[in-house]
Every structure is written in structure tokens, then in C-alpha cells.
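# Secondary and tertiary structure notes
The primary structure of each chain is shown beneath.
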Amino acid sequence: MTNANEIIILMAEDDEGHAELIKMNLYDSGIRNQIIRFSNGSELLDFFYNNRAADGQNFDKSFSYLILLDINMPEIDGIEVLKKLKSDANLKKIPIIMLTTTDDHFEIKRCYELGCNCYVTKPVEFQKLTETLQRLGLFILVVKIPENNGNH
Amino acid sequence: MNLKKILFIIIFIFCYYPIFAAEKNIDDTNIIPSYKKTKELRAVVLADFPPLYILDQNRKPAGLAIDILEYIAKNLGYKIKYKVVENWDEMLKSLEANEADLAPGVGITADRLANFKVSETFVEVVPVSCFVRASNYDIHGIPDLVNRRTGVIENGGAYNEMKNWENYNLITFKNIDSALFALLAGQIDAFVFPEPVLLKKIREVKLENRIKIVGKPLMELKRGYVFNKNDDYLHKIFDEELKKVVNSEFYHNIYLKWYGEPPEFWNVKKVVITCVIIIIVIVIVLFVWKYKTTRKLYLALKNTEKQYYELVNNMTEIVAQHKLVFDNNGAAIDYEIIDANLAFYKTLNLTPENVIGRRATEVYKTAEPPFFDIYKEVALTGKATNFEIYYEPIEKYFLISTFSPKKNYFVTVTTDITLAKKNEKLLNDLVEQLQNKTEEMENILYISSHDLRSPLLNIQGFTDRISKKINEIFAVLDSAETLDDLKNKITDEHKKQINSSFNFIQISAKKMDVLISGLLKLSRLGRLIPQMNNIDMNALLEEIIKNLAIKIQEYNVKIKIEDLPNCIGDRNLLNQVFTNLIDNAIKYRKMDTQLVLNISGKIENEYIVYCVKDNGIGISKNNIEKIWKLFYRITDNNDIDGEGIGLTIVKNIIQKHSGKVWVKSEYGNGSEFYIALPKLKK
């Protein structure tokens, strides 16, 4: 199911509903990549640092990852995760897209300062996400236009 | 003869005629004046009639008349041969007998004018006055001499004048001395005699205090030169010379020489006395003037001073003047209070006796003089300054302005700014409260928008999803030809997705409800005005534990409550605070350990501080500030229910009490929640 060229999307989102909606929206946008969901920041960090399995998979350096990170999460929030990953020489190349419910300028600025690659508001709109992925040079790797697109 | 010669003779005759004529005239009237050949004049003089005539030690004539005569004779080129006689009679007889050419100083009377040639210029003019004893007060002048014994000199001017007066009892004397003696001895009542002559005599014998002059002079006795009745020549030349002499400096000097200087009015004694009197008068005048001026100045000063003191004393500011006190090494060690106003004594509740002239350490009863470094600097450098202080004993704030009027001195003007300070503090408190409120409101708005949006997003998202699925189903319904076809096309996936979407919508709606009710609670709390009362905290905690009894029993919580100090607060609100804290402790207990709660309290400075200590899961360093945030929940563990507003409410209530709340915690090692309430009602 997974091969080395495919990007695995790691999503840290505490709200189950949001996670579900994002997954569905990504699918509708033609993204068929594997999406692994973490319900908070500490779970995601455990995946990288404590070899915690998620969806039956462990962190593998040979794979490519893309992280969707919610900002407001209990215990360890998105900002802290961002800080931690971006200050880690091994992990800082992983593209991170921040997810938030508001477009608070102060918060957006802070995320960019900490090295996030992009920032999108929930629920993730198809248009915004494709733009983002294009900018990140990930579009071709991530997006497969659904075969039935335009047929309904 | 020519005309020129004749004219010359005529002019010559005109010019010289008067000379010839005069020579001729004199020659005619002179018989044979022997002195013309011998150039020696014979003068008859008295032996003793000072100061006109006296005989010197060598029995030679001297005196005023003699000096003048010698002077004139010298000027005229004559020598004098003297004939000395005893009295006026002899003198006149000598002239009549042509035994003498002239008498240089004889009183001029009518009979003498008839019998002799008398000079028109006088040697002297003297008043003939009435002399009496100083003790005599009956005789006031010549008229009073009627029937009194009146002394006169035989054939003298007075005698000749008065000898025929009726009722005047004249007693004649040969010379002055006998007459003077008779007057002093009381043999005569008065002595009428030329004034300057007798005055000189009196002065010589020091009788000035025994004899006095009364009334107007009897007459003016004129003394002149007396010549032979026929001797016009001598009369003329002497008269001319005499006229010159009388008006000359020489005459004045001679006169003084013989009559002597009248006793100087300004003798040493008088000068000294006068000076002393003048000095005394000046001193008195100066003293009076000075007194008046000083008095005036003093009054003005006093008035100014009074105004100044009234001003200073009526000032609400405390004014005091101080002087630095130095030790033997010249180092300032203390300061002394020199002066202070009423406000000083009133404010510090002191009396002047305990303040003036005393050292600061003594007055304020401190080891170090208060603010000594500041005052020392001001008094030594003269640089004014001001500062604010809080004076603990009377719980007041003061603004102290200090300046130095002169080196080593300083004045303090102290203003009570307690009210201003209180107002300032009140204002600051209000501003802080307002800031907190605003911050809180912004926080609530932000968090509300965030947290309310989150379930809303789900509702929107899943509603979209349902609508999409339903559209798919409708499409299937439209296209399906048979029921089986329909059944095949509407899959379980559709059902599952629609069901789960509804489920999410319901959960989200419920979540929104919880959030909104939380907001409502906060809103209600915000509008509530705390009812401040004295609260028995031990009783309150007992009540809270009773209310939570079921929960406590259920979770087997061990609660230890120490003896708690009372406080001032709103009973219901504080109930909520402690209920929330205990509730939280139960929520965040360790699952594997019995929850032990310890509630304590103590008084710290201006606050009463309570502590709720648990042995729960604790809070990580990252979250320790977030716990106060609205809707923040430490975990998303759904086992732990709650709105995420418990601590927000606690903080809110404590803020309403002007108190403070904080937490000490370590992840895994329990938490200590502290609540500090002000001791005094605000």
C-alpha cells in the first residue's frame, strides 16, 4: 500500500470531527496518500522520538512526510510541536502546514517565525490546499486528480 | 618877562599858597611853643589810675594812655618828658600853669571843655556804671541810689556829674582801692565808677563773684587829650594822629593789653560742660530717634513676623527648620530641629518642648536620624530636592521638599499626600482592574471565537457532508430503475457517513451548549457585586465539605483542614472558589493513589493567604499559566468532564476581592493553589 516515493501525511488534530472532515476533504481533493492521525501534539512527538506506532507504522527516515498541525491542542499544542521539530536538524526538512480555526495575524506571524511552511484555516478548502502544495513543490507527489472528477 | 614865565609864577603861587597860608595861620596862634625847638613834649600823667596810668617797677609811667601817647609822639617825631602827679586836680593845674603841654587821657566834662583845648577824638569812651555787692538785690540802677551811701572818686567823672543831685549821699574816695574796700566792707552801698577800669581791677583781685553791675550806666565818660587853651597846633596834629590810632590794629592790641581780655566765655570748664551737655543731648536725641525708628522697624518686623508665623502656622504643610550637628571630627552625625510650625506638632502629636533644640534621633526616637543622607546632602551642597515617604507609625504618605537657606541648615516642607496617594492607588487599582477586565474580555472573545468556531466548523462540515451524501442518494433514487438496483447503489458507506455526520453534529452542538453556558456563568459572575462580610472560614469549609460529601466518599478523598484565619469576603463566592478547587483536585487526582487534600491558611503582611494542596497529577511547566485561561482543559480526556471554566471563575472571584491567586506545581507531584485576600475591607 505504501511505497517509498509516496508522501505520508501526519495529522495532529485533537478534534475528532475536524480530523474526519479534513480527511474527507483531502480525499475529495484527490489526495489518496496515507493519512495518520494523532489526537494531540505529544502523540506526534512520541511517533518521532519514542518510536510510537501509529496506524501500525513506525517513523521511518527513508519515508517522506508532510505534517498537518492543529494549533490548539491540549497538553502539547501545535506551536510547541512546530518549535521542537523545526529545531531538530533531522526533522526540520519535513514540511509543516499549520491548521487553525481563525486567521489571527499574530498567530500566523508567530508560526512563520518558527519556520512553518504554510498556514491554512479549517476546514481545509481544496483550492487553498492545492495552492499550498504547489508552492511547496509537493503537488505532483501528493495530488492525484480523481478519475471521476468532473463526471458528476 | 614873557608870558610863559608869568604863567609859571601864577601856577606856582596857586599851588603853594595854601601851604604858606597854613604855616602862617599856625604860627599866628602859637605863642612860643618850646617843644618845636626841643622836639620834646611835656606830658602830665597820674601815678595810679590803671589801666590808663600806672608806674612800673622802675617808677616810670606806663599804661594805656602812655602807650598811645608814645606811639603818636614817635609818629610825629617827638620825645615825651613826663610829669607824674597824684590826682586829676594836680594834673589840670599843671596844664594851666604851662608846666605841661598835654595830658594824654582826661575825662571830658563841661568845665574842662571851657578851660582847655580838648581833642575831638577820644582815647576811650567808657560807661560809668553802678557797682554793688553781688548779695545786694535792692539796688537795680542809679535811681535806686537816692539816700544811699554812694561811693565816688574825688573830682572824678561821676562826682562831677552827681555832686549837685539832690538826696544823693555821695561819699568821696581818693582812689579805687579804698572805695572798693568800702563797698566790700559795707561802708557804702554802691560805687559809681568807669566800668572797664573797675572790671579790670575786680578781675585782678578775683572778686568777680562778689561785685556786680546794676542798671544802665550813669553816663558815657569820654577821655581825650587835653592841651593848653591856646595850643591849637598840638591839638590839631594830635587829633589827626589820634584819629588814625584809634581806628588802627595797634589801638585794639594796646587796649586789650591794658584792659585785659574779658574773661573768655569759653573756658575749659564751660567747654567741657557744654560738650558733655551737647553729647548728652545728642545721645538722648539719637536714643529717642533710634528707639522710635527701631520701634517702628520692630513693629513692622513683628507684624511681618506675625504674618509669616500665621502663614506658616496655618499651613497644612509641615514646616520645620533644622541645623546639622557635627562630631569632633567635623562629620555630620545628626540634625537638630530649630523651628517648626503648628502642623508639625499636630501631625506628630508632639509639643515644642520635646522638639525645639533637640536632635532628630531624640525627637523621632530612631537610631539613625531619618533621611539623614538626603538632608545632609541638601544642607551641605544647597541643592534642593524632594521625595516621597510612607510614615508607618501614623500610616501616612508624605511628600518632603527640602532646601537649604544657608550652609549646614535645611528647611523641610512636608505635605501629607496620603489622600492623593490613596486616590492614586485607587486609580491604579481601578486601572489595573479595568485592564484585567479588558484583557479578560478580549480573552473571552478570542477564546470564544476559537472554541465556539471549532464545533461550529464540525456542524458546517458534517452538514455539508450529509447534504452531499443525500444528494448522492437522491441521484441514485432518480437513476435507479429497480428497488434492487437502488439497494445496491445506496451503500452502507452512505449510511455510515450520514450517521457519523449526525453524531458529530450532535456532539458539536452539545459542546457549543456547554461553552455558551460557561460563558453565561462567567457573564453572571461578572455582573455580580460581592457582598463583603466577615467570614468564619472554618465554618465555611465545613459547609463545603458537607456539600461535597458524596463525591469525597465516592473517590475516597482524605481531607485535612487546619485552623483557618477568618477573612472578609462574599460567602457564596468564596464557597464557589473552594468548591471549584476541591472539585479540580478530585478531577485531576492520580488514579493509582489516594487523593490527600490539605487546606491551610495564615496571615502574611496585608493579606490572608489560604492554600489548597493536593497530591494529584500536577501541572507541567508549559501549562502552568494556561490553566487560568477560559475553556482550557489540561487533557482532552473525556473521562474528565468539565467546562474548562472552573479556575477561570476562581480567578475572577478572587480578583473581585482585590486578592491574588497563584499555583505552585510540578508535573506528577501535586499542586498547591494559593488564594490571598486583603486583610482590610477595601
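Only a predicted model underlies this, so the values are computations on that prediction, with no experimental measurement involved. (Residues numbered from 1 in each chain as written. Chains lettered and ligands numbered in written order. Predicted model: local features only at pLDDT ≥ 70, side-chain atom pairs only at ≥ 80, totals over all residues. Heavy atoms only, no water.)

### Some words on the overall build of chain B
Along the backbone of chain B there are 21 helices and 22 strands. Computed over its C-alpha atoms, the radius of gyration of chain B comes to 72 Å, more than 25% above the 26 Å expected for a compact globule of 682 residues. Its C-alpha atoms give chain B principal-axis dimensions of about 220 × 85 × 55 Å. Here chain B holds 682 residues, and 39% of them are scored as buried. (Helix = DSSP H or I, 4+ residues; strand = E, 2+ residues; numbered from the N terminus. Rg over C-alpha atoms; globule rule 2.2 N^0.38 Å. Buried < 20%, exposed > 50% of the residue type's maximum accessible area, 1.4 Å probe, protein only.)

### What to know about the side chain of Ser404 of chain B
All names here are of chain B. Looking at the element boundaries, Ser404 is found in the loop between strand E14 (396-403) and strand E15 (409-416). Under the relative-accessibility criterion, Ser404 is labelled buried at 17%. A polar side-chain atom of Ser404 sits 2.8 Å from the main-chain carbonyl oxygen of Lys406. In this structure the side chain of Ser404 is engaged in a polar contact, spanning 2.7 Å, whose partner is the backbone oxygen of Tyr409. Excluding residues within four positions of it along the chain, Ser404 makes contact with Val378, Ala379, Gly382, Tyr409 and Phe410. (Polar contact = N/O pair within 3.5 Å; in protein donor to acceptor, adjacent residues only side chain to side chain. Contact = heavy atoms within 4.5 Å.)

### Here we look at the state of the cysteines
Within the structure shown, the criterion is met by zero disulfides over all chains. For Cys567 of chain B, which is in no disulfide, the shortest distance to another cysteine sulfur is to Cys611 of chain B and amounts to 15 Å. (Disulfide = S-S within 2.5 Å.)

### Regarding the confidence of the model for chain B
On average, residues of chain B score 85 in pLDDT, and 93% of them reach the 70 mark or higher. Here residues 20-30 of chain B is a poorly scored stretch, pLDDT under 50, and it has nine contacts once near neighbours within four places are set aside; other chains count. (pLDDT = per-residue confidence, 0-100.)

### Some details on a negative patch on the surface
Together, Asp48, Glu86, Asp89 and Glu90 of chain B give the surface a local cluster of negative charge. By relative accessible area, Glu86 of chain B is classed as exposed at 57%. (Patch = residues over 30% accessible without salt bridge, like charges linked within 9 Å, V, L, I, M, F, W, Y side chains within 5 Å. Areas by Shrake-Rupley, 256 points an atom, 1.4 Å probe, with all protein chains shown as cover. Salt bridge = Lys/Arg side-chain N within 4 Å of Asp/Glu carboxyl O. Lys, Arg positive; Asp, Glu negative; His and termini not counted. Charge placed at Lys NZ, Arg CZ, Asp CG, Glu CD.)

### Observations concerning the domain arrangement of chain B
The domain boundaries assigned to chain B delineate domain 1 (1-30), domain 2 (36-262), domain 3 (315-416), domain 4 (422-524) and domain 5 (528-678). Computed over C-alpha atoms only, the centres of domain 2 of chain B and domain 5 of chain B are separated by 146 Å. (Domains from an automatic or database assignment.)

### Remarks on the pattern of salt bridges
As enumerated under the stated definition, the model contains 26 salt bridges over all chains in all. For Asp429 of chain B, the salt bridge is made with Lys425 of chain B, and the minimal N-O distance between the two is 3.8 Å. Within this pair, Asp429 of chain B and its partner Lys425 of chain B are both found in helix H15 (residues 418-479), separated by four residues, close to a single helical turn. Note on Asp429 of chain B: relative accessible area 27%, which makes it partly exposed. Salt-bridge contacts for Glu543 of chain B lead to Arg571 of chain B; the nearest nitrogen and oxygen are separated by 2.8 Å. Here the residue Glu543 of chain B occupies a position in helix H18 (residues 537-547), and Arg571 of chain B occupies one in helix H20 (residues 571-587), the gap between them amounting to 28 residues. Owing to a relative accessible area of 32%, Glu543 of chain B belongs among the partly exposed residues under this scheme. One salt-bridge network, in which partners are shared between bridges, spans Glu43, Asp46 and Arg52 of chain A.

### Overview of the sheet that holds strand E17 (residues 558-561) of chain B
Residues and elements named next belong to chain B. Within the open sheet, the five strands sit side by side as E17-E19-E20-E22-E21. Their pairing is mixed. Strand pairing shows two members of the sheet lacking a second neighbour, E17 and strand E21 (660-665), which therefore form its edges. Strand-to-strand, the axes of this sheet are offset by a mean angle of 15°, without reference to chain direction. Bridge count between strand E20 (residues 607-613) and strand E22 (residues 671-678): seven bridges; the pairing is antiparallel. Across the sheet, residue Cys611 finds its bridge partner in E22, namely Tyr674. (Pairing = 2+ DSSP bridges. Axes fitted to C-alpha atoms, helices over the stretch in contact; angles between N-to-C directions.)

### A look at the packing of H18 of chain B against H20 of chain B
All names here are of chain B. Contact geometry of H18 with H20 gives a least axis separation of 10 Å together with a crossing angle of 55°. The pairing of H18 with H20 is recorded here as oblique in orientation. For H18 against H20, the interelement crossing comes out right-handed. Each of Met537, Leu540, Leu541, Glu543, Ile544, Ile545 and Asn547 in H18 lies in contact with H20, whose residues at this interface are Arg571, Leu574, Asn575, Phe578, Thr579 and Ile582. (Parallel < 35°, antiparallel > 145°, perpendicular 65-115°, else oblique. Left-handed = near helix turned anticlockwise from the far one by under 90°.)

### Some remarks on unusual backbone geometry
At Asp55 of chain A, a residue that is not glycine, the phi angle is positive and equals roughly 50°. Within the secondary structure layout, Asp55 of chain A lies in the loop between helix H2 (41-49) and strand E3 (64-70). A positive phi is found at Asn167 of chain B, a non-glycine position, where the angle reads about 65°. Residue class for Asn167 of chain B comes out exposed when judged on its relative accessible area of 52%.

### Describing the side chain of Glu80 of chain A
Mapping Glu80 of chain A onto the fold places it in helix H3 (residues 78-86). Exposure remark for Glu80 of chain A: the relative accessible area of 19% places this residue in the buried category. Beyond its immediate chain neighbours, meaning those up to four positions away, Glu80 of chain A contacts Asn622 and Lys626 of chain B.

### Observations regarding the interface of chain B and chain A
Chain B puts 21 residues into the contact, and the matching count from chain A is 23 residues. Applying the counting criterion to the chain B and chain A interface returns three salt bridges. Across the pair Asp15 of chain A and Lys511 of chain B runs a salt bridge, and its minimum N-O distance is 3.7 Å. The tally of links between chain B and chain A comes to four residue pairs in polar contact (both at pLDDT 80 or more). For the side of chain B that touches chain A, the elements supplying multiple residues, two or more each, are H15 and helix H17 (492-527) of chain B.

### Some details on the sheet that holds E14 of chain B
Residues and elements named next belong to chain B. As summarised here, the arrangement of the five strands in space is E12-E11-E15-E14-E13, forming an open sheet in which the pairing is antiparallel. Since the sheet does not close on itself, it has two edges, and those belong to strand E12 (332-340) and strand E13 (385-391), each with one partner. Ignoring strand direction, the axes of neighbouring strands in this sheet form an average angle of 30°. Of the pairings in the sheet, the one linking E13 to E14 comprises seven bridges and is antiparallel in character. Each bridged residue has a counterpart across the sheet, and for Thr385 the counterpart in E14 is Thr402.

### Description of helix H4 (residues 105-113) of chain A
Residues and elements named next belong to chain A. Burial in H4 covers these residues: Glu107, Ile108 and Cys111. Considered in projection along H4, the buried side chains sweep an arc of 100° and stay on one side of the axis. The exposed set on the far side of H4, more than 90 degrees from its buried face, consists of His105, Phe106, Lys109 and Glu113. Positive phi appears at Gly115, one or two residues downstream of H4, with a value of about 105°. (Arc of directions from axis to C-beta.)

### Description of the packing of aromatic side chains
All names here are of chain A. Applying the stated criterion across every chain yields a total of 29 aromatic pairs over all chains. Judged by centre distance (5.5 Å) and plane angle (70°), the rings of Phe47 and Phe48 are edge-to-face. Judged by its relative accessible area of 1%, Phe47 is buried. Geometrically, the ring pair formed by Phe48 and Phe59 is edge-to-face, given 4.9 Å between the ring centres and 75° between the ring planes. (Phe/Tyr/Trp six-rings, centres within 6.5 Å; stacked < 30°, edge-to-face > 60°.)

### A look at the confidence of the model for chain A
The predicted structure's coordinates, where accompanied by low pLDDT, should not be read in detail. All names here are of chain A. Within chain A, residue pLDDT values average 79, and 83% of them lie at 70 or more. Ranking the helices and strands of chain A by mean pLDDT puts strand E2 (residues 35-38) first, with 92, and helix H6 (residues 139-142) last, with 60. Contacts for the low-pLDDT stretch residues 146-152, under 50 throughout, to residues beyond four places or in other chains number three contacts.

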